[in-house]
Amino acid sequence: MPDITTAVASSLQGRVAIVSGGARGIGLAIALRAARDGANIVVAAKTVEPHPRLPGTIHTVAAEIEELGAHALALQLDVREESSVQTAVELAVARFGGIDILVANAGGPPAGNFDTTEIDAYMPALTLNLLSTVAMCKAVVPAMCERGWGRVVAITSVSVRQPIANLILSNTARAGITAAPRQHTGDSPSASWRSWRKSLPGTEMSWRGKSITSRTSARLGSVTAKVVSRNSAPGC
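Attention in this report is confined to the structure presented alongside it. (Residues numbered from 1 in each chain as written. Predicted model: local features only at pLDDT ≥ 70, side-chain atom pairs only at ≥ 80, totals over all residues. Heavy atoms only, no water.)

1. Observations concerning the packing of aromatic side chains
Short version of the rule: In summary, the pairing rule links any two rings of Phe, Tyr or Trp, Trp by its six-membered ring, whose centres are within 6.5 Å, and it sorts them by plane angle into stacked for under 30 degrees, edge-to-face for over 60 and tilted for everything else. Geometrically, a lysine NZ or arginine CZ counts as sitting over a ring once it is within 6 Å of the ring centre and also within 35 degrees of the ring normal.
The full count for this structure, using the stated rule, is 0 aromatic pairs. Between Arg151 and the ring centre of Trp149, over which it is positioned, the NZ or CZ distance is 4.1 Å.

What follows is the structure, encoded as C-alpha coordinates:
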(Lines give C-alpha, C1' and ligand atoms only; values in the text may rest on other atoms or scores of the structure.)
Protein backbone atom coordinates (compact mmCIF):
# COMPACT_ATOMS: atom_id res chain seq x y z
CA MET A 1 0.00 0.00 0.00
CA PRO A 2 1.47 3.42 -0.93
CA ASP A 3 2.21 5.81 1.92
CA ILE A 4 0.08 8.92 2.37
CA THR A 5 2.67 11.21 0.76
CA THR A 6 2.68 9.12 -2.42
CA ALA A 7 -1.12 8.96 -2.43
CA VAL A 8 -1.47 12.73 -2.06
CA ALA A 9 1.08 13.40 -4.80
CA SER A 10 -0.77 11.05 -7.13
CA SER A 11 -4.12 12.73 -6.41
CA LEU A 12 -2.69 16.17 -7.25
CA GLN A 13 -1.15 15.23 -10.57
CA GLY A 14 -2.65 17.47 -13.27
CA ARG A 15 -5.10 19.15 -10.91
CA VAL A 16 -5.62 22.91 -10.89
CA ALA A 17 -5.33 24.68 -7.54
CA ILE A 18 -5.99 28.32 -6.77
CA VAL A 19 -4.13 29.52 -3.67
CA SER A 20 -5.07 32.89 -2.26
CA GLY A 21 -2.38 34.66 -0.29
CA GLY A 22 0.05 32.54 -2.28
CA ALA A 23 2.95 34.99 -2.43
CA ARG A 24 4.21 34.45 1.11
CA GLY A 25 3.94 32.41 4.28
CA ILE A 26 1.55 29.45 4.49
CA GLY A 27 0.08 30.14 1.06
CA LEU A 28 3.51 30.11 -0.57
CA ALA A 29 4.46 26.84 1.14
CA ILE A 30 1.22 25.17 0.02
CA ALA A 31 1.56 26.43 -3.55
CA LEU A 32 5.13 25.13 -3.91
CA ARG A 33 4.36 21.75 -2.34
CA ALA A 34 1.29 21.24 -4.53
CA ALA A 35 3.35 22.15 -7.60
CA ARG A 36 6.01 19.61 -6.63
CA ASP A 37 3.25 17.02 -6.46
CA GLY A 38 2.12 17.83 -9.99
CA ALA A 39 -0.62 20.41 -9.59
CA ASN A 40 -0.90 23.51 -11.75
CA ILE A 41 -1.14 26.59 -9.54
CA VAL A 42 -3.00 29.88 -9.69
CA VAL A 43 -0.96 32.17 -7.43
CA ALA A 44 -3.47 34.77 -6.27
CA ALA A 45 -2.34 37.55 -3.95
CA LYS A 46 -2.01 41.33 -3.65
CA THR A 47 1.77 41.56 -3.97
CA VAL A 48 2.84 42.47 -7.50
CA GLU A 49 5.84 44.69 -6.74
CA PRO A 50 8.71 43.68 -4.41
CA HIS A 51 8.43 44.85 -0.81
CA PRO A 52 11.55 46.42 0.75
CA ARG A 53 11.42 44.07 3.75
CA LEU A 54 9.30 41.09 2.68
CA PRO A 55 10.45 38.82 -0.14
CA GLY A 56 8.10 37.35 -2.72
CA THR A 57 5.55 38.50 -5.30
CA ILE A 58 2.99 36.60 -7.33
CA HIS A 59 5.42 36.71 -10.25
CA THR A 60 8.44 35.34 -8.38
CA VAL A 61 6.32 32.51 -6.96
CA ALA A 62 4.90 31.70 -10.40
CA ALA A 63 8.46 31.51 -11.73
CA GLU A 64 9.43 29.09 -8.94
CA ILE A 65 6.46 26.91 -9.79
CA GLU A 66 7.36 26.85 -13.48
CA GLU A 67 10.88 25.79 -12.54
CA LEU A 68 9.35 22.81 -10.72
CA GLY A 69 7.76 21.69 -13.98
CA ALA A 70 4.20 22.76 -13.24
CA HIS A 71 2.15 25.46 -14.96
CA ALA A 72 1.42 28.68 -13.08
CA LEU A 73 -0.78 31.72 -13.45
CA ALA A 74 -0.03 34.85 -11.40
CA LEU A 75 -3.11 36.91 -10.59
CA GLN A 76 -3.37 40.03 -8.48
CA LEU A 77 -6.16 39.46 -5.98
CA ASP A 78 -7.58 41.39 -3.06
CA VAL A 79 -9.69 38.83 -1.21
CA ARG A 80 -11.56 41.63 0.57
CA GLU A 81 -13.23 42.63 -2.70
CA GLU A 82 -15.82 40.23 -4.11
CA SER A 83 -15.38 41.58 -7.64
CA SER A 84 -11.63 40.91 -7.46
CA VAL A 85 -12.31 37.34 -6.35
CA GLN A 86 -14.78 36.74 -9.16
CA THR A 87 -12.43 38.18 -11.78
CA ALA A 88 -9.53 36.02 -10.57
CA VAL A 89 -11.63 32.86 -10.71
CA GLU A 90 -12.88 33.69 -14.22
CA LEU A 91 -9.31 34.25 -15.45
CA ALA A 92 -8.17 31.00 -13.85
CA VAL A 93 -10.97 29.02 -15.49
CA ALA A 94 -10.22 30.67 -18.84
CA ARG A 95 -6.55 29.65 -18.57
CA PHE A 96 -6.87 26.11 -17.20
CA GLY A 97 -10.44 25.13 -18.09
CA GLY A 98 -11.57 24.84 -14.49
CA ILE A 99 -10.51 24.71 -10.84
CA ASP A 100 -10.16 21.53 -8.80
CA ILE A 101 -8.76 22.81 -5.52
CA LEU A 102 -9.32 26.00 -3.56
CA VAL A 103 -6.94 26.98 -0.78
CA ALA A 104 -8.68 29.88 0.94
CA ASN A 105 -5.92 31.72 2.75
CA ALA A 106 -5.33 35.33 3.78
CA GLY A 107 -3.19 37.36 6.13
CA GLY A 108 -4.33 38.09 9.65
CA PRO A 109 -5.87 41.16 11.29
CA PRO A 110 -4.02 43.31 13.85
CA ALA A 111 -3.31 41.97 17.31
CA GLY A 112 -5.26 43.24 20.31
CA ASN A 113 -7.37 42.10 23.24
CA PHE A 114 -11.07 42.48 23.98
CA ASP A 115 -10.72 45.58 26.14
CA THR A 116 -8.55 47.61 23.77
CA THR A 117 -10.11 46.60 20.43
CA GLU A 118 -12.74 49.00 19.12
CA ILE A 119 -15.95 47.64 17.62
CA ASP A 120 -15.11 49.27 14.28
CA ALA A 121 -12.10 46.96 13.96
CA TYR A 122 -14.20 43.81 13.76
CA MET A 123 -15.74 44.25 10.31
CA PRO A 124 -12.41 44.70 8.47
CA ALA A 125 -11.11 41.60 10.25
CA LEU A 126 -14.18 39.56 9.33
CA THR A 127 -13.97 40.81 5.74
CA LEU A 128 -10.29 39.84 5.47
CA ASN A 129 -10.64 36.32 6.81
CA LEU A 130 -14.22 35.04 7.10
CA LEU A 131 -16.02 36.86 4.28
CA SER A 132 -13.11 36.39 1.89
CA THR A 133 -13.33 32.63 2.44
CA VAL A 134 -17.07 32.69 1.78
CA ALA A 135 -16.55 34.77 -1.38
CA MET A 136 -13.89 32.38 -2.66
CA CYS A 137 -16.14 29.38 -2.07
CA LYS A 138 -19.08 31.02 -3.80
CA ALA A 139 -16.93 31.85 -6.82
CA VAL A 140 -15.12 28.50 -7.10
CA VAL A 141 -17.63 25.84 -6.06
CA PRO A 142 -19.82 26.18 -9.21
CA ALA A 143 -16.74 25.46 -11.36
CA MET A 144 -16.01 22.40 -9.22
CA CYS A 145 -19.57 21.17 -9.69
CA GLU A 146 -19.15 21.44 -13.46
CA ARG A 147 -16.02 19.28 -13.32
CA GLY A 148 -17.63 16.81 -10.92
CA TRP A 149 -14.68 16.99 -8.52
CA GLY A 150 -13.42 19.52 -6.03
CA ARG A 151 -11.59 20.12 -2.78
CA VAL A 152 -11.83 23.16 -0.51
CA VAL A 153 -9.13 23.83 2.07
CA ALA A 154 -9.82 26.73 4.44
CA ILE A 155 -6.87 28.01 6.46
CA THR A 156 -7.96 28.78 9.98
CA SER A 157 -6.01 28.44 13.26
CA VAL A 158 -5.51 26.41 16.41
CA SER A 159 -7.35 29.29 18.07
CA VAL A 160 -10.64 27.61 17.11
CA ARG A 161 -9.81 25.07 19.82
CA GLN A 162 -8.25 27.43 22.30
CA PRO A 163 -8.29 31.22 21.75
CA ILE A 164 -4.84 32.78 21.50
CA ALA A 165 -4.13 35.66 23.86
CA ASN A 166 -4.14 39.17 22.37
CA LEU A 167 -5.59 38.00 19.04
CA ILE A 168 -9.28 38.73 19.59
CA LEU A 169 -9.95 39.72 15.97
CA SER A 170 -8.24 36.68 14.49
CA ASN A 171 -9.82 34.34 17.05
CA THR A 172 -13.28 35.63 16.17
CA ALA A 173 -12.85 35.43 12.40
CA ARG A 174 -11.16 32.02 12.37
CA ALA A 175 -13.99 30.46 14.33
CA GLY A 176 -16.41 31.44 11.58
CA ILE A 177 -14.17 29.89 8.94
CA THR A 178 -14.66 26.46 10.51
CA ALA A 179 -18.39 26.61 9.81
CA ALA A 180 -19.24 28.79 6.80
CA PRO A 181 -17.36 26.98 3.98
CA ARG A 182 -18.46 23.59 5.26
CA GLN A 183 -22.07 24.70 5.26
CA HIS A 184 -21.69 26.14 1.77
CA THR A 185 -20.10 23.03 0.26
CA GLY A 186 -22.46 20.80 2.22
CA ASP A 187 -25.48 22.57 0.73
CA SER A 188 -24.23 21.97 -2.81
CA PRO A 189 -26.74 19.98 -4.89
CA SER A 190 -23.86 18.00 -6.42
CA ALA A 191 -22.82 15.82 -3.50
CA SER A 192 -20.52 13.44 -5.36
CA TRP A 193 -17.55 15.82 -5.63
CA ARG A 194 -17.69 17.26 -2.15
CA SER A 195 -14.69 17.41 0.14
CA TRP A 196 -14.01 20.17 2.64
CA ARG A 197 -11.07 20.48 4.99
CA LYS A 198 -9.97 23.08 7.46
CA SER A 199 -6.31 23.48 8.28
CA LEU A 200 -5.38 24.48 11.84
CA PRO A 201 -1.73 25.49 11.70
CA GLY A 202 0.05 26.25 14.94
CA THR A 203 2.34 29.22 15.42
CA GLU A 204 3.79 29.74 11.94
CA MET A 205 6.99 31.74 11.92
CA SER A 206 6.11 33.95 8.98
CA TRP A 207 6.87 37.66 9.15
CA ARG A 208 3.49 38.27 10.81
CA GLY A 209 3.97 35.38 13.22
CA LYS A 210 7.37 36.64 14.28
CA SER A 211 6.07 40.18 14.68
CA ILE A 212 3.12 39.18 16.85
CA THR A 213 5.24 36.82 18.97
CA SER A 214 7.87 39.50 19.51
CA ARG A 215 5.29 42.10 20.60
CA THR A 216 3.59 39.60 22.90
CA SER A 217 6.93 38.69 24.44
CA ALA A 218 7.64 42.36 25.14
CA ARG A 219 4.17 42.94 26.59
CA LEU A 220 4.30 39.92 28.89
CA GLY A 221 7.99 40.03 29.69
CA SER A 222 8.31 36.46 28.40
CA VAL A 223 10.94 34.94 26.19
CA THR A 224 9.77 34.22 22.66
CA ALA A 225 10.00 30.42 23.02
CA LYS A 226 7.52 30.50 25.91
CA VAL A 227 5.08 32.60 23.88
CA VAL A 228 5.27 30.18 20.95
CA SER A 229 4.67 27.24 23.28
CA ARG A 230 1.73 28.98 24.95
CA ASN A 231 0.09 29.74 21.59
CA SER A 232 0.41 26.17 20.26
CA ALA A 233 -2.62 24.10 21.16
CA PRO A 234 -1.90 20.50 22.28
CA GLY A 235 -2.70 17.73 19.88
CA CYS A 236 -2.31 19.86 16.70
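2. What to know about the pairing of strand E2 (residues 40–45)
Rules: Summary of the burial criterion: residues with accessible area below 20% of their type's maximum are buried, those above 50% are exposed, and those between are partly exposed, where the area comes from a 1.4 Å probe applied to protein chains only. For helices the rule is a DSSP run of H or I covering at least 4 residues; for strands it is a run of E covering at least 2, with both sets numbered from the N terminus onward. Between any two strands, at least two bridges found by DSSP are needed for them to pair. Here the term right-handed applies to a crossover when the path leading from its first strand over the helix to its second strand runs clockwise, the strands being oriented away from the viewer.
Summarising burial for E2: 6 of the 6 residues are buried, a large majority. Here E2 shows two buried faces, one formed by Asn40, Val42 and Ala44 and the other by Ile41, Val43 and Ala45. Judged from the 5 bridges that link them, strand E1 (residues 16–20) and E2 form a sheet pairing that is parallel. By the bridge assignment, Ala17 is partnered in E2 with Ile41. Each parallel crossover has a hand, and the one from E1 via helix H2 (residues 25–36) to E2 is right-handed. Pairing between E2 and strand E3 (residues 72–76): 5 bridges, direction parallel. Bridge assignment links Ala44 to a residue of E3, and that residue is Leu75.

3. Quick word on the environment of Ala179
Looking at the element boundaries, Ala179 is found in the loop between helix H6 (168–177) and helix H7 (180–186). Considering only alpha carbons, one finds Ala179 and Leu130, 49 residues apart in sequence, at a separation of 9.8 Å.

4. Here's the deal with the pattern of salt bridges
Worth spelling out the cut-off: The salt bridge definition used is simple: a Lys or Arg side-chain nitrogen within 4 Å of an Asp or Glu carboxyl oxygen.
Inspection of the entire model under this criterion finds 4 salt bridges. As a salt-bridge pair, Arg15 and Asp100 come within 3.8 Å of each other at their nearest N and O atoms. In this pair, Arg15 is assigned in the loop between helix H1 (4–12) and E1 and Asp100 in the loop between helix H4 (82–96) and strand E4 (101–104), connecting sequence segments 85 residues apart. We classify Arg15 as partly exposed; its relative accessible area is 23%. Asp100 sits in the buried class, given a relative accessible area of 2%. A salt bridge links Arg147 to Asp100, with the shortest nitrogen-to-oxygen separation between them at 2.8 Å. Of this pair, Arg147 sits in helix H5 (residues 122–147) while Asp100 sits in the loop between H4 and E4; the two residues are 47 residues apart in sequence, bridging distant segments of the chain. The class of Arg147 is partly exposed, set by a relative accessible area of 36%. Where salt bridges share partners, they join Arg15, Asp100 and Arg147 into one cluster.

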